[in-house]
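# Structural features, examined
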Protein chains: 2
Amino acid sequence: MSKRTEKTIVDIAEELKLSISTVSRALNNHPNISAKTKEKVKKMANKLGYRPNAMAAGLRNSRSRTIGLVVPRISMFFPATISTVIQNKLHEHGYHVLICQSNDSLEQEIALAETLYSTRIDALAVSSTLYTTDFSHFDIFKDNNIPLVFFDRVPKDYQVKVVKGDDYLGGFTVTEHLIEKGCKDIVHISGPLTCNLYVDRVAGYKHALKKHKLAFKKSRIFYQELTRENALQVCEQIFAKQPWPDGIFAANDTTAITIMEYCRKLNLRVPEDIKIVGYSNDPRAEIITPSITSVDQFPALMGERVAAALLELMQQPVTIPQRYSEEIVPIQLIERVSSAAIVATRKAGVRKKLK
Amino acid sequence: MSKRTEKTIVDIAEELKLSISTVSRALNNHPNISAKTKEKVKKMANKLGYRPNAMAAGLRNSRSRTIGLVVPRISMFFPATISTVIQNKLHEHGYHVLICQSNDSLEQEIALAETLYSTRIDALAVSSTLYTTDFSHFDIFKDNNIPLVFFDRVPKDYQVKVVKGDDYLGGFTVTEHLIEKGCKDIVHISGPLTCNLYVDRVAGYKHALKKHKLAFKKSRIFYQELTRENALQVCEQIFAKQPWPDGIFAANDTTAITIMEYCRKLNLRVPEDIKIVGYSNDPRAEIITPSITSVDQFPALMGERVAAALLELMQQPVTIPQRYSEEIVPIQLIERVSSAAIVATRKAGVRKKLK
DNA sequence: CCGAAAATTGCAAACGTTTGCATAAAATAG
DNA sequence: CTATTTTATGCAAACGTTTGCAATTTTCGG
């Protein structure tokens, strides 16, 4: 209820007839302050309801103890999980995390970089927009030796620390899995090639085809933002004319789910008539019927790696210029019903006979 | 690559042989700076790569242009959606949002309040822990007239702005819905009563029973944190002895989903043998088979309301002390298959015959 | 009990802005 | 061409810390 309270260390100093510097040091547990002075100061600080002013401290020693985090959106499973982990981890070390969303807009990402720099964050982690190919808006950070880590959606040819999933292996594994389950004509629904993730997955897809002597057909691969709407549109195209594919590798689970629903409408049985695999292991993939095979990207692990990288960079002497270094987080195929082999009448098969 | 760059307005002033104040005013578009000076200053600012130092500015006029947001966790659908909206909305108005997670730990929530205060946030929005009944750790904000808004999980008897869902109506609507679909013995799985949400929903549940002359039985209601594990445990209890209930009102969708899976194992048909309703309208509720009836709480709308409240409070004269005021966001029952009436052989019914 | 070393404490500048007030320059009126 | 208003710029203090260095006090060996 009181106004203009805002006690400062000056108030404590006056109250105790000590110098400001002594109070400051006492509160920070500086070694050459006597134990009883510290005691006294802290007690008085409590009594007055003193709270340190982070901005003043930050200004003085140009460290905000805040780190920035830029992700496309936090309402999506994968980035949300990573953000959670990063935030909790860094908080343990006394850092705040400014979580920001680019909403997959390059323009917003650029603005974000600018204003984040203004708050003098101590470090920055970013998973870029789908469409970011020029990363120069992050140069300010590099130029001022502010630790910068990219994860998941990362740049290439940009001197910076990178933590990414094994998307090449992911693409390969999924495709080979489908082939082994009997697919001969596999459609791949990819995100735009402006994003590293999809480039790598496509490469894995192609490699698997080649290895198993299946022809790669341009017409069997689609590039677009992986939304529900786009997935529906692609379905229209795919199923407009025969022959229909017998396997679909969707680069995210939203797409996989949408396609499965579409197939149901066409009275196509999954996995008997067509097999579907998604990516990211969204919780929905497990829960839907039939459950969808997907790729676990271990978001929590990735989050930890990113947090660790940030912390490490922050305690390095400022002089070392950042270089490109890549850390790869493993992936794991989670086999479920949507891509199961069709073994005569196994229980799973029966269940899917309906409709 | 350069070091100790950090251009300041002083550099601009020197370069242009102007005073620091003029530069400052020019950059802030102060009215009594001539147009050409502004032009000149801005051009030079650009040339030098000047970036304002938010901490210095914040220190000077004690506004950080940052607002705090405390939620239990951002990896859950409901708070994630709200956070997204709040963040985007406030960003439009030039504010940063410091999104923090209490992980449903009161201890962490208290620590968060403390450190958020230290960063001198301009306002704070919080959805509290399940177990927060004493809110005095937020007193600092009230005492210093820092706008404070609670949402979803809110305190009672605490002088503060509150934005909440209509949980009473939600509880009532769900229960009545189950009754109208023919249920006579409805179990309610509630969260702990330390949290307002569940108190209200329980009240609604009881009211609906009463209205329809069904007896309320203490043994038919369970209070616990709504995790998957707890849900399984409750299932064990419920189905350990007959009679089994014919309707279940779960206070979140994770619980509803878990129960449905459990029922499937028992060869109980949903909705023929038992009807299930969840809460929050998690994306999984729609996608699972059978789809689960749930309650949409319009998280985006709630987010907008919270953001609006924060903005409004921030531009109020600081002197007005905060009072309790309640804003209620509507809810809507989303009817799906899990609670459908058993009408002989409608198509939906047939589909569920399997197994 | 003296003097030097060790342990404490204090002074004052600095961090980069913003802003009330004073001053200087330009515009207008008489 | 003054006198007066209007417009534009500059001075200097303040925001709340931290920290190098100087100053003071305490400790202790001899």
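This write-up is about the structure you can find in this document. (Residues numbered from 1 in each chain as written. Chains lettered and ligands numbered in written order. Predicted model: local features only at pLDDT ≥ 70, side-chain atom pairs only at ≥ 80, totals over all residues. Heavy atoms only, no water.)

With that settled, consider the relation of the copies chain A and chain B. Turning chain A through 180° and shifting it by 0.0 Å along the axis lays it on chain B, with an RMSD of 0.1 Å. In the structure described here, the two chain copies are related by an operation that fits a two-fold rotation axis. The fraction of interface residues of chain A whose copies in chain B are also interface residues reaches 98%, indicating that both copies meet through the same surface. (Least-squares fit on C-alpha atoms with pLDDT ≥ 70 in both. Contact = heavy atoms within 4.5 Å.)

In this section: the pairing of strand β5 (residues 161-165) of chain A. Residues and elements named next belong to chain A. Counting buried positions along β5 gives five out of five residues, so the element sits mostly inside the fold. Going residue by residue along β5, you find Lys161, Val163 and Gly165 tucked away on one face and Val162 and Lys164 tucked away on the opposite face as well. Here strand β4 (residues 148-151) runs beside β5; their pairing, made up of three bridges, is parallel. Bridging from a neighbouring strand, Phe150 pairs with Val162 of β5. By the bridge criterion, five bridges tie β5 to strand β11 (residues 325-329) in an arrangement that is parallel. Bridge pairing links Val163 to Glu327 in β11. (Buried < 20%, exposed > 50% of the residue type's maximum accessible area, 1.4 Å probe, protein only. Helix = DSSP H or I, 4+ residues; strand = E, 2+ residues; numbered from the N terminus. Pairing = 2+ DSSP bridges.)

The subject of this paragraph is helix α1 (residues 9-16) of chain B. Think of an α-helix as 3.6 residues a turn; residues three or four steps apart then line up on the same face. All names here are of chain B. Regarding α1, the residues found buried are Ile12, Ala13 and Leu16. Mapping the buried residues of α1 onto a view down its axis gives an arc of 100°, with all of them on the same face. In this structure, the buried side of α1 is in contact with α2 (20-27) and α3 (35-48). If you check the start of α1, you find a side-chain oxygen 3.1 Å away from the backbone N of Val10, and it comes from Thr8. One or two steps after α1, the chain reaches Lys17, where phi turns positive at roughly 55°. (Arc of directions from axis to C-beta. Polar contact = N/O pair within 3.5 Å; in protein donor to acceptor, adjacent residues only side chain to side chain.)

Once that is clear, we can look at the sheet that holds strand β8 (residues 247-250) of chain B. Residue and element names in this part refer to chain B. If you walk across this open sheet you meet the four strands as β7-β6-β8-β9, and the pairing is parallel. Two strands lie at the open edges of the sheet, namely β7 (221-223) and β9 (275-277), each paired on one side alone. Taken over all neighbouring pairs, the strand axes of this sheet differ in orientation by 10° on average, direction set aside. For strand β6 (residues 186-190) and β7, the ladder comprises three bridges, and the chain directions are parallel. When the bridges of β7 are listed, His188 appears paired with Ile221. Its contacts with the sheet place helix α9 (residues 196-211) against β6, β7 and β8, and it is angled at close to 170° to β6. Taken strand by strand, helix α11 (residues 253-265) contacts β6, β8 and β9, and its axis lies near 160° from that of β9. (Axes fitted to C-alpha atoms, helices over the stretch in contact; angles between N-to-C directions.)

Such coordinate-based values are descriptive only and should not be taken to indicate function.
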